[in-house]
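For reference, the chains in residue letters:
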Amino acid sequence: SAVISQKPSRDICQRGTSLTIQCQVDSQVTMMFWYRQQPGQSLTLIATANQGSEATYESGFVIDKFPISRPNLTFSTLTVSNMSPEDSSIYLCSVETFYEQYFGPGTRLTVT
Amino acid sequence: DAKTTQPTSMDCAEGRAANLPCNHSTISGNEYVYWYRQIHSQGPQYIIHGLKNNETNEMASLIITEDRKSSTLILPHATLRDTAVYYCIVRLSNSGYALNFGKGTSLLVTP
């Protein structure tokens, strides 16, 4: 299994600012994913972040808006840039080990 | 990935078996069926997965029809803590790919 922590757990931000979310895993993993869950909705994949390569973004998500870093096998960050109220969501990181994906507790972001 | 169809919501009495159906009629031969659940305000939790054989673990059983076009997740003795949104997901491989979450089934377990 894998234990994942995220920081911050929640934040309230003003529009136009940026927030960096940290994801820490207790073991080394190759594949890490970032998801977004808008209020009352299901999870949507933002990007896949593998250590040593550029993140791969899903349709509708761009690097300028959601830059991702993956400096090592246990850590990643997702930045939500130039925020607007539409970015208010829960952001979750996820890792895969042995055919299972484990999710962090999420970062609840509110943009005012 | 193949599309899945699940009922929007279901109820189950505490202590009874909860049977959650999932339709995946366009599934291809190398796609796996995964089940996850999300308890309110938490990240999703892995439950079980299978290719074509029925599977059982300490949490649940997964029954896949012979033609693989549908499956059922069975929680044998539902408790109040099983109240959650349950997601049936079809994935190309058993590793290396992200999960494509649909809307899921909201299961309410009642006393």
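Residues numbered from 1 in each chain as written. Chains lettered and ligands numbered in written order. Predicted model: local features only at pLDDT ≥ 70, side-chain atom pairs only at ≥ 80, totals over all residues. Heavy atoms only, no water.

Considerations on the interface of chain A and chain B
Counting residues at the interface gives 16 residues for chain A and 19 residues for chain B. Here chain A meets chain B over a buried area of about 1,400 Å², counting both sides, of which 53% is carbon and sulfur. If you look at where chain A meets chain B, you find 1 salt bridge. Glutamate 96 of chain A is the partner of arginine 91 of chain B in a salt bridge, and the nearest nitrogen-oxygen pair spans 2.8 Å. Connecting chain A to chain B are 5 residue pairs in polar contact (both at pLDDT 80 or more). Among the secondary structure elements, those contributing two or more residues to the side of chain A that touches chain B are strand S4 (31–37), strand S5 (43–50), strand S9 (89–97) and strand S10 (100–103) of chain A. The biggest single contributor to the side of chain A that touches chain B is S4 of chain A, with 4 residues. Looking at the side of chain A that touches chain B, its residues break down into 9 nonpolar, 4 polar and 3 charged. (Contact = heavy atoms within 4.5 Å. Buried area = accessible area lost by both parts, 1.4 Å probe. Salt bridge = Lys/Arg side-chain N within 4 Å of Asp/Glu carboxyl O. Polar contact = N/O pair within 3.5 Å; in protein donor to acceptor, adjacent residues only side chain to side chain. Helix = DSSP H or I, 4+ residues; strand = E, 2+ residues; numbered from the N terminus. Nonpolar A, V, L, I, M, F, W, Y, C, P; charged D, E, K, R; others polar.)

Quick notes on the environment of arginine 91 of chain B
Residue and element names in this part refer to chain B. Considering the arrangement of structural elements, one finds arginine 91 in strand S8 (residues 84–91). Judged by relative accessible area, arginine 91 falls into the buried class, the value being 1%. Expressed as a C-alpha distance, the spacing of arginine 91 and proline 76, which sit 15 residues apart in the sequence, is 25 Å. There is a polar contact of 3.2 Å between the side chain of arginine 91 and the side chain of tyrosine 34. (Buried < 20%, exposed > 50% of the residue type's maximum accessible area, 1.4 Å probe, protein only.)

Overview of the sheet that holds strand S7 (residues 68–72) of chain A
Sheets are built from strands paired through backbone hydrogen bonds, the pairs being either parallel or antiparallel. Residue and element names in this part refer to chain A. Taken in spatial order, the 4 strands make up an open sheet running S1-S3-S8-S7, and their pairing is antiparallel. One side of each edge strand has no neighbouring strand; the edge strands of this open sheet are strand S1 (4–7) and S7. Pairwise comparison of adjacent strand axes, ignoring direction, gives a mean angle of 15° for this sheet. As paired elements, S1 and strand S3 (residues 19–25) share 4 bridges and run antiparallel to each other. Residue serine 5 lies in a different strand from S3, and its bridge partner there is glutamine 24. (Pairing = 2+ DSSP bridges. Axes fitted to C-alpha atoms, helices over the stretch in contact; angles between N-to-C directions.)

Description of the state of the cysteines
What is meant by a disulfide is a covalent connection between two cysteines, made through their sulfur atoms. Inspection of the entire model under this criterion finds 2 disulfides over all chains. Through a disulfide, cysteine 23 of chain A is tied to cysteine 93 of chain A; the S-S separation comes to 2.0 Å. For the disulfide bridge between cysteine 23 of chain A and cysteine 93 of chain A, the dihedral angle about the S-S bond is near 75°, and by the sign convention the bridge is right-handed. Remark: cysteine 93 of chain A occurs in strand S9 and cysteine 23 of chain A occurs in strand S3; sequence separation between them is 70 residues. With a relative accessible area of 0%, cysteine 23 of chain A lands in the buried category. For cysteine 93 of chain A, a relative accessible area of 0% gives the class buried. Residue cysteine 22 of chain B pairs covalently with cysteine 88 of chain B via a disulfide, S to S 2.1 Å. One disulfide, between cysteine 22 of chain B and cysteine 88 of chain B, carries an S-S torsion of -80° and so falls in the left-handed class. Placement of cysteine 22 of chain B in strand S2 (residues 18–23) and of cysteine 88 of chain B in strand S8 is noted, with a sequence separation of 66 residues between them. (Disulfide = S-S within 2.5 Å.)

Overview of the environment of arginine 81 of chain B
Residues and elements named next belong to chain B. For arginine 81, the position within the fold is in the loop between strand S7 (70–75) and S8. Judged by relative accessible area, which is 70%, arginine 81 ranks as exposed. Measuring from C-alpha to C-alpha, the distance between arginine 81 and glutamate 31 comes to 30 Å, with 50 residues separating the pair along the chain. If we skip the residues at most four places from it in the chain, arginine 81 touches Arg37 and Ile39.

Thoughts on the side chain of glutamate 96 of chain A
Mapped onto the elements of the fold, glutamate 96 of chain A is located in strand S9. There is a polar contact of 2.8 Å between the side chain of glutamate 96 of chain A and the side chain of arginine 91 of chain B.

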